[in-house]
Each structure stands twice: as C-alpha cells, then as structure tokens.
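# Coordinate analysis (summary)
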Amino acid sequence: MNRSRTTPSPFLTVLDGTPLDPPPFWMMRQAGRYLPEYREIRAKAGDFLTLCYTPKLAAEVTLQPIRRYGFDAAIIFSDILVVPHALGVDLSFEAGEGPRLSPVADASSLAELRAELDPAKTGPVYEALSLVRAQLPADVALIGFCGAPWTVATYMVAGHGTDDQAPARLLALRDPVLFQSLIDRLVEASIIHLAGQVAAGADVVQIFDTWSGVLDPASFQRWCAEPLRRIVAGLKALHPHVHVIAFPKGATLEALERLKDTGIAAIGLDWAADRGAARARLSDRLVLQGNLDPLRLIAGGSALEEEVARIRADFAGARHIFNLGHGIRPETPLAHVEKLVEAVRRAL
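The structure displayed is predicted, hence computed values, not measured ones. (Residues numbered from 1 in each chain as written. Predicted model: local features only at pLDDT ≥ 70, side-chain atom pairs only at ≥ 80, totals over all residues. Heavy atoms only, no water.)

Attention shifts here to the overall build of the protein. Along the protein, the regular secondary structure elements total 16 helices and nine strands. Against the globule reference of 20 Å for 348 residues, the protein gives a C-alpha radius of gyration of 19 Å, in line with a compact fold. Dimensions along the principal axes, computed over C-alpha positions, put the protein at roughly 60 × 45 × 40 Å. Looking at the protein as a whole, 57% of its 348 residues are labelled buried. Counting only contacts in the protein whose residues sit at least 6 apart along the sequence, the fraction spanning at least 24 positions is 75%. With the model as given, the accessible surface of the protein reaches about 13,800 Å², and the carbon-plus-sulfur share is 52%. (Helix = DSSP H or I, 4+ residues; strand = E, 2+ residues; numbered from the N terminus. Rg over C-alpha atoms; globule rule 2.2 N^0.38 Å. Buried < 20%, exposed > 50% of the residue type's maximum accessible area, 1.4 Å probe, protein only. Contact = heavy atoms within 4.5 Å. Areas by Shrake-Rupley, 256 points an atom, 1.4 Å probe, with all protein chains shown as cover.)

Dropping the structure here:
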C-alpha cells in the first residue's frame, strides 16, 4: 500500500479524518460503457472476462476516466464474481442477460470449490493494479474491491442474478449451516483477495453488498454485518492502515448503524438514503460517501445541478466523499458528467 506520498491525496485526506471543501470525488462504475474509449477497448478484448483478465487492457480502462475527468480516485476494472470464479465456479457473461455461474446450492457443490484462490484468475487483477499504480497521478488514490459474501453468495446459489435473491434467502432459511459454510468460504477468500490487491498497490478497498437491502434485520446482522466485520479484521491483521469502504445498497438506516462497529472507515449511501439522518447517526464514526441518483446524471439540467448543491450543503463540514448512489449508467451523456465535475469542484 502506497501511503508514503509526497503529494497529498484529497481522497485519503478525508478517509484519514479531515473534511475538505470541495469534497473528493469519484464514481462507481466510472470505468465503463458510458465512455467511447472504453467501448473501443471492450471491442478489442472481445468479451468481458478477457478484458478483466488482461492486465494491460484492465489498467487502460481503469485510467481512462482519470485522464478524461480528473477524479480523485481510480477503481480497478474487475468484477465481484472474480472470487467465485477463482474458487472454481464456472462463469460467463451473456450479452443482455448478465452473469451465468455453475450453481453452488448444496453440500456436494460446496465441497467442489477450490481450497485456495486460483492465481490464474486473481493474478491478472493484481498485475493490473500494479500497472495502474505506476501511471496514476501522485494525488489520485487507487481503490481495490470485492463483493460482500452475501451478495456474491446470492449469485452463486442461483447461478445468475434474480429480482429478490429468493434462492439464496431460501437456502439460508432451509439450511443455515450449509449457507454459513458458504459465507465462511467467501469471507476467507475475500480477505485473501483484498490483501492481494493492497499488496499490489491499492490504497483503499470497497466492499459491494448490492443485495443487502432484501434482508430482514436479523439476517442482515448474520449474513452482512458479521461477515463484513470478519473481513475487515482479517484484512487489517495483514494491512493495519488500509481503509475499508462498505456499500450496502438498499439497507435501512438502522441496518447501516449496525456497521459502525465493523471497523470500516466509510459507508456508501445509495440515492434513497436520508442524508440528514445519516449524517446525524453515522458521521461521528464514519466518512459518508454518496449519494447522487444516477438518473439525475442522465437527466442533467436543473435536476442535476440542484441536487448536487443539496448534497454538498447537507454534508458541508462533514467528512464526505462525493459519489453516485449506485453505478453510472451506460446511457449517461458525457456532457452531463462534465457538468457534474464542474458542480462538485465549485466552491460553496
């Protein structure tokens, strides 16, 4: 982890505890399909997984939004399903249909998982991180990531994405011992994968729990909060100074409060979060990240400008990282991203 910087990083400054105005700024899925230069590289790669596992190409698309917009952090181009793929799960991406995996929904399929992550799958991610680290401006932070065990498990159990993740929820209810074993495997693998990313140059890691919002409070505690605590503890045992950001999309404010004692440094808020309540109940312990609705970025105009001003006013004086409330969508106009950058960088 590169913490011996001669040029301060605004992103790391806020995570270290100092509020900034204007706030540091990056966007989830900022390296992606809304950029024409990304689409060119994607066509060259031929398919999504080839792009993820070709270090030079993954590094290039990671750097593209930094060159174009000057964000304060780059997030490595990869996927949350690298971990199950590296555990031996068959994985493919079907155009217009999302990921397809060989299901892990019983004891026999769980037993078939690899004992260790396949370096042929994780190694290219670490190599891409090293390439990006060498080319990033000195004041731009580098983010590694993984999927949270609950969210990754939902894809593994069903073999694909679903609207409400019912297959994983049912397995957790019918056979909690088996489901706990799957979560335990993912906790261990996530620690190893995140540690590898930090060793390769990541300053910060983010853990995406895209489907945390479908769980009741007790299930959230067992399948989201406790695994997150274990991952943070395991990672910090290896890299004590690394900052961890959690993004539990759709979770209630009460659920978010449960994460204050997990060891994370920051929490990502989705666009539906009540910013005032989140600031009042979370900001004493956590940096707040977010939370512009990606559709406002598509709409542009006053819908965008006014909400950016409201977000900045709501978090003024707090430790805040400006971001979207979920990933940028492919149909987002480039001119609207330019307007967003201007609005975030503008002094209040």
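Having seen it, we continue.
What the rule picks out here adds up to 17 salt bridges. Of the charged contacts in the structure, one is a salt bridge between Glu60 and Arg67, with a shortest N-O distance of 2.8 Å. Residue class for Glu60 comes out partly exposed when judged on its relative accessible area of 26%. The class of Arg67 is exposed, set by a relative accessible area of 51%. (Salt bridge = Lys/Arg side-chain N within 4 Å of Asp/Glu carboxyl O.)

Our focus in this paragraph is the packing of helix α7 (residues 119–135) against helix α10 (residues 176–200). The angle between the axes and the distance between the axes are what describe a pair of packed helices. Two numbers describe how α7 lies on α10: the axes approach to 8 Å, and their chain directions differ by 30°. Overall, the two elements α7 and α10 adopt an arrangement that is roughly parallel. Considering how the two elements wind past one another, α7 and α10 form a crossing that is right-handed. Contact residues: α7 offers Thr122, Val125, Tyr126, Leu129 and Ser130, while α10 offers Ile192, His193, Gly196, Gln197 and Ala200. In terms of residue class, the contact of α7 with α10 is built from five nonpolar, five polar and no charged. (Axes fitted to C-alpha atoms, helices over the stretch in contact; angles between N-to-C directions. Parallel < 35°, antiparallel > 145°, perpendicular 65-115°, else oblique. Left-handed = near helix turned anticlockwise from the far one by under 90°. Nonpolar A, V, L, I, M, F, W, Y, C, P; charged D, E, K, R; others polar.)

Okay, the UniProt feature "domain: Uroporphyrinogen decarboxylase (URO-D)" (unreviewed entry) in the protein next. In the numbering used here, UniProt assigns the feature "domain: Uroporphyrinogen decarboxylase (URO-D)" (unreviewed entry) to residues 143–159. When the span residues 143–159 is considered, its composition is 59% helix and 29% strand, and the gap between its end C-alpha atoms is 28 Å. (UniProt positions renumbered as here; feature names shortened; annotations may be inferred.)

Quick look at the nonpolar core now. Within the largest apolar cluster, 129 residues are counted, with the highest numbers of intra-cluster contacts made by Phe11, Met27, Phe71, Phe179 and Leu340. Looking at this core, the element that brings in the most residues is α10, giving 12 residues. The residues contacting Phe179, other than those within four sequence positions of it, are Trp150, Ala153, Val157, Ala168, Leu171, Ala172 and Trp223. (Core = buried A, V, L, I, M, F, W, Y, C linked by side-chain atoms within 4.5 Å.)

Evaluated as defined, the whole model comprises 10 aromatic pairs. Ring centres of Phe25 and Phe71 lie 5.2 Å apart, and the angle between their planes is 80°; on these two criteria the pair is classed as edge-to-face. Taken together, the residues Phe25 in the loop between α1 (10–15) and α2 (36–45) and Phe71 in the loop between α4 (55–69) and β1 (73–75) connect sequence positions 46 residues apart. For the pair Phe25 and Phe71, one class covers both residues: buried. Considering the side-chain rings of Tyr69 and Phe71, the 5.5 Å spacing of their centres and the 40° angle between planes classify their relative orientation as tilted. Phe71 gets classed as buried once you look at its relative accessible area, which sits at 1%. Through pairs of rings, three or more aromatic residues link up here, namely Phe25, Tyr69, Phe71 and Phe322. (Phe/Tyr/Trp six-rings, centres within 6.5 Å; stacked < 30°, edge-to-face > 60°.)

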